[in-house]
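Chain by chain, the residues:
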Amino acid sequence: MKKRYTALLAAVTAVLMLGGCGAEDSSSSKPAKDNTSSAAETTSAQTVSPETSAPEQTQAPQPSATEDGSEAESKAGPGTEPAPESAFESYNDYLGWADSVGYDSGYLTRAGVDGINEDQYITLPDSPGYTSGKIVIGDSRCCQMGILQQRSGAGSYATFGVWGGHYSSVKTPPIVTDELKNAVRECFEAQIKAEGRCDIYFFATVNDYDFQENDNAGFIADTVSAAAEFADMTFDCNGETYRPTVTVIGFDGCWTTSDLWGTPQEDFNRWVGDYSEKLEAAVRAEDRLSGCGFTTVPEICGGKAGFIDDGLHYSDETLTAIEDMINAQE
């Protein structure tokens, strides 16, 4: 199968997503009723500077080292969910899952391009995690999290994401489509009715990351605006007005064992820390995100994240560490 990676970033020659009562949107800062839990807390990217699409490739990039993420050591505790029968270690594993499970099950919607790029992942109402009280929103790395839930039969959270998606107002495909927003709202309302709370884990995307010039102010502003849009959701139920709590999570870059599709890994990774610092500052400055949590994937992992064979998407170990963090937030 010809594989086409969507550009989450863009570059190096193009190298790197609710039940009863009533709902309404509001920009007020009233917190979710009895929901003060603090959370600590993207993406198929393929190019260096953000672009709408990446060059077509006929074979997934292969690492030059035998370990793709051996430098990453997760400090998270043992997993609380059943583990999948076998690990996903390659991009082809995700392509195979999409063809054999994703599309037929309805979780994954084709975008009309080759492979899984630009496809939308939406947790269905009859899924175990749909009324868990927790929602994950983001790019392909979040799609990976949803797929991990499917593979293990877990129900820790609901997932809404776009593989290769952007929060940027000038890049495509967008993550925050009307369809995805409506799906998130319906899930939010269902979680309030079932659990009396909804915690949203909003993942920034490596697709909106300029690793060449570090010109990321606009991307960060769009990311914060998207997070605030979800934080603004309200739901009137049984005489109370609820809104979700939001945790914004910064991304890791790529592996450190090899170049990333011709881009030196040092170049691609060099501005990730700076991006996270500026993202947190922007989150803290946004009134609509007042009191929200912030963390990064490296912080969750206790160091560098691990990656599959394309050097960009997270390994099962890293996905499990993130899942453990979400499970620990009560």
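Calculation rules
Residues numbered from 1 in each chain as written. Predicted model: local features only at pLDDT ≥ 70, side-chain atom pairs only at ≥ 80, totals over all residues. Heavy atoms only, no water. Helix = DSSP H or I, 4+ residues; strand = E, 2+ residues; numbered from the N terminus. Buried < 20%, exposed > 50% of the residue type's maximum accessible area, 1.4 Å probe, protein only. Areas by Shrake-Rupley, 256 points an atom, 1.4 Å probe, with all protein chains shown as cover. Expected span 1.5 Å × (residues − 1). Arc of directions from axis to C-beta. Contact = heavy atoms within 4.5 Å. pLDDT = per-residue confidence, 0-100.

### With respect to the overall build of the protein chain
A count of helical and extended segments in the protein chain gives eight helices and twelve strands. Taken over 330 residues, the protein chain has a buried fraction of 58%. Put simply, the protein chain shows about 12300 Å² of open surface, and 44% of that area lies on carbon and sulfur atoms.

### Notes on helix α4 (residues 217-231)
Relative to the 21 Å expected for 15 residues at 1.5 Å per residue, α4 spans 21 Å between its end C-alpha atoms, a close match to the ideal helical length. All of the buried residues in α4 are F219, I220, T223, V224, A226, A227, A228, F230 and A231.

### Notes on the environment of G218
Within the fold, G218 resides in helix α4. Relative accessible area serves as the criterion here: at 42%, G218 is assigned to the partly exposed category. Taking the C-alpha atoms as reference points, G218 and V170, separated by 48 residues in sequence, lie 9.7 Å from one another.

### Things to note about helix α6 (residues 272-285)
For α6, built from 14 residues, the straight-helix expectation of 20 Å at 1.5 Å per residue is met to within 8% by its first-to-last C-alpha distance of 20 Å. Those residues of α6 not exposed but buried are V272, Y275, S276, L279 and V283. Axial view of α6: buried residues confined to an arc of 95°, hence all on one face. For α6, the exposed residues set more than 90 degrees away from the buried face come down to E277 and A285. Buried residues in α6 make contact with α4, β11 (245-250), α5 (265-269) and β12 (293-296).

### Looking at the side chain of S276
Here S276 shows up in helix α6. Judged by relative accessible area, S276 falls into the buried class, the value being 10%.

### Some words on the confidence of the model for the protein chain
Across the protein chain, the average pLDDT comes to 82, with 75% of residues at or above 70. Throughout residues 1-20 the model reports pLDDT below 50, and contacts reaching past four residues in sequence, or to other chains, amount to 142 contacts. Predicted confidence is poor over residues 22-80, with pLDDT under 50, and the contacts of this stretch with residues over four places away or in other chains come to 228 contacts.

### What to know about the environment of I322
Along the chain, I322 turns up in helix α8 (residues 316-328). The exposure class of I322 is buried, given its relative accessible area of 0%. Here the alpha-carbon distance between I322 and T296, two residues 26 residues apart in the chain, equals 9.8 Å. The residues touching I322, leaving out its near neighbours within four places in the chain, are M145, F203, V297, I300 and Y314.

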